[in-house]
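What the coordinates show
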Amino acid sequence: MSVAILILLSWVSGLYLYALDHADPVTSMPVFCKMRIYVLQASALTYRWCLTVACFDRFALTAVNVNLRNLAQVSIARRAVIVIVAVWTVLPMHSLILYNLRGNTCGIIYSSTGALYHSIFTTVAAAILPAAIMATCALLIYRNLLRKQKQRQLMNGSQERSGPNEKQRLQSRRDQQVLLMLLIQAICYVGTTTPLMGMYFYNALTIYVSNKSADRIAIERFSFYLAELINFLFPASSFYLYTISSNIFRRELANMLCSAFHHPIVSNTTRVLPMTNDVSLRTVTEHGRKVKSRVTFSTAYQEPRKSAVTNVQQ
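All values derive from a computational prediction rather than experimental measurement. Every chain is numbered independently, its residues counted from 1 as its sequence is written. Thresholds applied to this predicted model are a pLDDT of at least 70 for local features of residues and 80 or more for the giving and counting of side-chain atom pairs; totals over whole chains, interfaces and linings are not thresholded and use all residues. The side-chain quantities take in all heavy atoms of the structure and omit both hydrogens and water.

What follows concerns the pattern of salt bridges. Whenever a carboxyl oxygen of Asp or Glu lies within 4 Å of a side-chain nitrogen of Lys or Arg, that contact is scored as a salt bridge. Scanning the entire structure with this criterion turns up two salt bridges. Put simply, Glu228 and Arg36 hold a salt bridge, and the shortest N to O gap is 2.7 Å. In this pair, Glu228 sits in helix H8 (residues 214-231) while Arg36 sits in helix H2 (residues 30-62), placing the two residues 192 residues apart along the sequence. Under the scheme applied here, a residue whose accessible area is under 20% of the maximum for its type counts as buried, over 50% as exposed, and between as partly exposed, the area being computed with a 1.4 Å probe on protein chains only. The exposure class assigned to Arg36 is buried, which follows from its relative accessible area of 11%. Residues Glu220 and Arg216 are paired through a salt bridge, measuring 3.2 Å at the closest nitrogen-oxygen approach. You can see Glu220 and its partner Arg216 sitting in helix H8, four residues apart, about one turn around the helix. Helix and strand definitions follow DSSP, with helices as H or I runs of at least four residues and strands as E runs of at least two, each counted in order from the N terminus.

Below, the structure written as structure tokens:
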């Protein structure tokens, strides 16, 4: 998901930054007009469906059925990612055919049928299906967590006697926060995707309206730009949504950062002292007579662990 969204944001923001001081390639070159929407759709759909499959993976992990739990495996997740990338690399290719330039406008401007198909395809594949699957998985996860909580209470016998213990309350709080994170994610997903889907349908319905005023064209372009910008907020807001909605996530994040700062690589305070040379004389035999030779011992000290390296030179 992160790789896909980095490709999307880098591609779109790169074109925006380039257009600040140069002619906009999207409205001046047909290749960029076609490639921009294709890369945007392929990467965005890859990200969204990876997120959708991740929600299903969470549901499978909490399921009572053994066959469903067996789906929550790393090997299956890798295959799912490969399939998702392959599918959403091929299906958006219709945008390479339908999108074109007319004047300085990039869009589907020569086929109302193609514009309507593109709007329906984008709305169903990028908004309705992922949001519906995410919401359904959230409700199913909540049902599975309630079922497991009741089973734990019955096994411990605490439901009839003294109420839930501390461990059960902690587990119940974790379950509630997982559900809250999923629901907030689904709500934000729908809220950030709906404006752009509405603009796609509006463009499809008004494709043959030729008497648009300059003010109307300016408002339409600004609205489309704003809807696209809102659509980019969701992939950049997941971390903040998790941080705001879950205090357990915040605590785990703080512990992870503390562990990173106390890692030996980061907090290494080993001090290395300069090398010292000890000069001494020793007697050696050379051509049958005894002579004195100078020997230098070089020693490197390191604290707190000391190591000595001796180099003998004549």
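Let us look at the side chain of Thr46. Summarising the element assignment, Thr46 is placed in helix H2. The residues touching Thr46, leaving out its near neighbours within four places in the chain, are Ala4, Ile84, Val85 and Trp88. Only heavy atoms enter the contact rule, under which two residues are in contact if any of them lie within 4.5 Å.

Moving on to the packing of aromatic side chains. The geometry of two aromatic rings is summed up by the distance between their centres and the angle between their planes. Working definition: a ring pair exists when centres of Phe, Tyr or Trp rings (six-membered ring for Trp) sit within 6.5 Å. Plane angles under 30 degrees give stacked, over 60 give edge-to-face, the rest tilted. On inspection of all chains with the given rule, the structure shows six aromatic pairs. Arranged with centres 6.3 Å apart and planes meeting at 55°, the rings of Trp88 and Phe121 form a pair that is tilted. Here Phe121 lies in helix H6 (residues 112-156) and Trp88 lies in helix H4 (residues 74-90), a separation of 33 residues in the sequence. We classify Trp88 as buried; its relative accessible area is 9%. Residue class for Phe121 comes out buried when judged on its relative accessible area of 13%. One aromatic cluster is present, formed by Trp49, Trp88, Tyr117 and Phe121 through successive ring pairs.

So, about the UniProt feature "signal peptide" (unreviewed entry) in the chain. UniProt positions are given in the numbering used here, feature names are shortened, and annotations may be inferred rather than shown by experiment. According to UniProt, the positions carrying the feature "signal peptide" (unreviewed entry) are residues 1-23. Here residues 1-23 is 74% helix and 0% strand, with 32 Å between the C-alpha atoms at its ends.

A few words now on the UniProt feature "transmembrane region" (unreviewed entry) in the chain. Here, the residues flagged by UniProt with the feature "transmembrane region" (unreviewed entry) are residues 80-99, 119-142, 178-202 and 222-242. Annotated as residues 178-202, this span is 100% helix and 0% strand, and its ends, taken at the C-alpha atoms, are 37 Å apart. Helix makes up 95% of residues 222-242 and strand 0%, with an end-to-end C-alpha separation of 31 Å.

Here the focus is the side chain of His94. With respect to the helices and strands, the residue His94 is situated in helix H5 (residues 94-98). On the accessibility criterion, His94 (12% relative accessible area) is buried. The contact partners of His94, leaving out residues within four places of it in the chain, are Gln41, Tyr117, His118 and Phe121.

Let us now look at the packing of helix H9 (residues 233-245) against helix H10 (residues 247-261). To get an axis, fit a line to the C-alpha atoms, keeping to the stretch in contact for a helix; angles then go from 0 to 180 degrees between the N-to-C directions. One way to put it is that H9 packs onto H10 with a least axis distance of 5 Å and a crossing angle of 110°. The pairing of H9 with H10 is recorded here as roughly perpendicular in orientation. Taken together, the residues of H10 that come into contact with H9 (itself represented by Phe239, Tyr242, Thr243, Ile244 and Ser245) are Asn247, Phe249, Arg250 and Leu253. Residue polarity follows a fixed list, in which Ala, Val, Leu, Ile, Met, Phe, Trp, Tyr, Cys and Pro are nonpolar, Asp, Glu, Lys and Arg are charged, and the others, Gly among them, are polar. Residues that form the contact of H9 with H10 fall into these classes: five nonpolar, three polar and one charged. Should an angle fall under 35 degrees it is called roughly parallel, over 145 degrees roughly antiparallel, and 65 to 115 degrees roughly perpendicular, with every other angle called oblique.

Let us look at a nonpolar patch on the surface. Here the term patch refers to residues with relative accessible area over 30% and no salt bridge, with like charges joined within 9 Å and nonpolar side chains (Val, Leu, Ile, Met, Phe, Trp, Tyr) within 5 Å. Using a 1.4 Å probe, accessible areas were evaluated by the Shrake-Rupley method; residue-level cover was limited to the displayed protein chains. A contiguous nonpolar surface patch, about 480 Å² in accessible area, is contributed by Tyr16, Phe222, Tyr225, Leu226 and Leu229. Among the elements that line the nonpolar patch, the one with the most residues is H8, at four residues. Note on placement: Leu226 falls in helix H8. In this structure Leu226 comes out as partly exposed when scored by relative accessible area, which is 38%.

The next point concerns the state of the cysteines. The definition used for a disulfide is geometric: two cysteine sulfur atoms within 2.5 Å. All chains considered together, the criterion is met by one disulfide. Residue pairing for Cys33: its cysteine sulfur links by disulfide to Cys106, the two sulfurs lying 1.9 Å apart. Negative torsions about the S-S bond denote left-handed disulfides, and the value of about 90° found for Cys33 with Cys106 makes this one right-handed. Placement of the pair is Cys33 in helix H2 and Cys106 in strand S2 (residues 105-107), with a sequence separation of 73 residues. The buried category is assigned to Cys33, whose relative accessible area is 1%. In this structure Cys137 is a free cysteine whose sulfur lies 6.1 Å from that of Cys55, the closest cysteine sulfur available. Judged by its relative accessible area of 5%, Cys137 falls in the buried class.

What follows deals with H9. Given a helix with a known number of residues, its expected span is that number minus one, times 1.5 Å. Between its first and last C-alpha, H9 extends 17 Å over 13 residues, near the 18 Å set by a 1.5 Å rise per residue. Largest kink in H9: about 40°, centred on Phe239. When H9 is considered as a whole, its buried residues turn out to be Phe234, Pro235, Ser237, Ser238, Leu241, Tyr242, Thr243 and Ser245. The angle between axes fitted to the seven residues ending at a residue and the seven residues starting there is what we call the bend at that residue.

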